[in-house]
Structure formats: structure tokens, C-alpha cells
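What follows is each chain in one-letter form.
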Amino acid sequence: QVRLVESGGGLVQAGGSLSVSCTASGIIFRINSMAWYRQAPGKQRELVAAITSLGMTNYADSVKGRFIIPRDNAKNTVTLQMNNLNPEYTAVYSCTAVLRRCGTSYPGGYWGQGTQVTVSS
């Protein structure tokens with residue numbers, strides 16, 4: 001069984017920084033890509049940042065220059081480093097991974113439970 005477990009998050013003042021991390025566990029053959037999504041109250045879930053196994057990244061326009069998504073392939077971990085936060089970034093941040101489990105032929109998508117990030121003004 002594969003699990004994605006997020007950590008970090010919490011309350012931060014506007015202009016501050018915060019990091020959230022996500023670790024995939026289980027019998028994993030290979031992780032293709034990992035990403036962070038967020039869902040603010042009353043809004044649709046949106047992609048924040050993504051990274052492939054080769055380190056290619058993609059960021060939402062609203063976070064370019066503010067967020068970084070480093071990945072540690074050896075630890076099956078992805079982090080979202082968030083800088084210069086503003087209250088509009090308040091949301092539940094969820095980790096997702098496209099990975100292939102040992103003993104399977106095709107990759108599948110997995111989600112973490114989400115972690116709350118609140119930015120106060």
C-alpha cells in the first residue's frame with residue numbers, strides 16, 4: 001500500500017515563509033512526478049507546482065519567483081518552499097504523486113490528506 005504523508009503547514013504572517021513536505025511510503029518501484037495542489041475556500045483546486053523525476057519543474061504563474069519545489073528522490077520526498085506569502089495563498093495544500101508500485105505494470109496517481117496553510121494579514 002502506498003501512502004503520501006504531508007507535514008508542515010500552519011499559520012504565518014503575510015510576507016513570511018513556510019515549507020510543507022510530502023513523503024511517499026510503501027513498496028514503490030518508481031515515482032514519475034510529484035506535485036502540490038491547493039484549494040482555497042469556495043474555489044477549485046489548482047496546481048501550484050510540479051516536478052518530474054529528472055527535476056523539470058512547472059509553477060503556477062501566481063507563485064513563480066516565490067515558491068520552490070525541491071525533491072529528494074532517494075527519500076521519496078517533495079517539499080514546497082513558500083516565500084513572501086500573502087493572505088490569498090491561504091488554502092489546503094495537497095501533495096500528489098504519479099508512481100508505479102512494485103509488481104505493477106503501470107503508474108497510478110496518489111494523494112495525501114492535505115495540510116492547512118493560513119496566511120494572516
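Above this text sits the structure in question.
Calculation rules
Residues numbered from 1 in each chain as written. Predicted model: local features only at pLDDT ≥ 70, side-chain atom pairs only at ≥ 80, totals over all residues. Heavy atoms only, no water. Helix = DSSP H or I, 4+ residues; strand = E, 2+ residues; numbered from the N terminus. Buried < 20%, exposed > 50% of the residue type's maximum accessible area, 1.4 Å probe, protein only. Contact = heavy atoms within 4.5 Å. Salt bridge = Lys/Arg side-chain N within 4 Å of Asp/Glu carboxyl O. Phe/Tyr/Trp six-rings, centres within 6.5 Å; stacked < 30°, edge-to-face > 60°. Lys NZ or Arg CZ within 6 Å of the ring centre and 35° of its normal.

Draft legend 1. Inspection of the environment of Cys95 at higher detail. Of note, Cys95 is situated in strand E10 (residues 91–101). We classify Cys95 as buried; its relative accessible area is 0%. For the pair Cys95 and Ala50, spaced 45 residues apart in sequence, the C-alpha separation works out to 9.6 Å. Not counting residues up to four positions away in its chain, the partners in contact with Cys95 are Leu4, Glu6, Cys22, Met34, Ala35, Trp36, Val78, Tyr110, Trp111 and Gly112.

Draft legend 2. How the structure looks around the pattern of salt bridges. Taken as a whole and assessed by the stated rule, the structure comprises 2 salt bridges. Residues Arg38 and Glu46 are paired through a salt bridge, measuring 2.7 Å at the closest nitrogen-oxygen approach. Judged by relative accessible area, which is 6%, Arg38 ranks as buried. Given the relative accessible area of 35%, Glu46 is considered partly exposed. Close ionic contact of Asp61 with Lys64 constitutes a salt bridge, the shortest N to O distance being 3.1 Å. Using a relative accessible area of 65% as the deciding quantity, one classes Asp61 as exposed.

Draft legend 3. Structural detail: the packing of aromatic side chains. The full count for this structure, using the stated rule, is 2 aromatic pairs. On the numbers, 5.2 Å between centres and 55° between planes, the contact of Tyr37 with Trp111 is tilted. Here Tyr37, found in strand E4 (residues 28–39), pairs with Trp111, found in strand E11 (residues 108–111); they are 74 residues apart in sequence, far enough to count as distant. Looking at Tyr37, the relative accessible area reads 25%, which means it is partly exposed. Where Phe67 meets Tyr89, the ring centres are 5.3 Å apart and the plane angle is 65°; that geometry is what we call edge-to-face. Highlighted residues: Phe67 in strand E7 (residues 67–68) and Tyr89 in the loop between strand E9 (77–82) and E10, separated in sequence by 22 residues. Like Tyr89, Phe67 is buried. Between the NZ or CZ atom of Arg45 and the centre of the ring of Trp111, over which it lies, the distance is 4.0 Å.

Interpretation note: all reported values are geometric properties and have no functional meaning in isolation.
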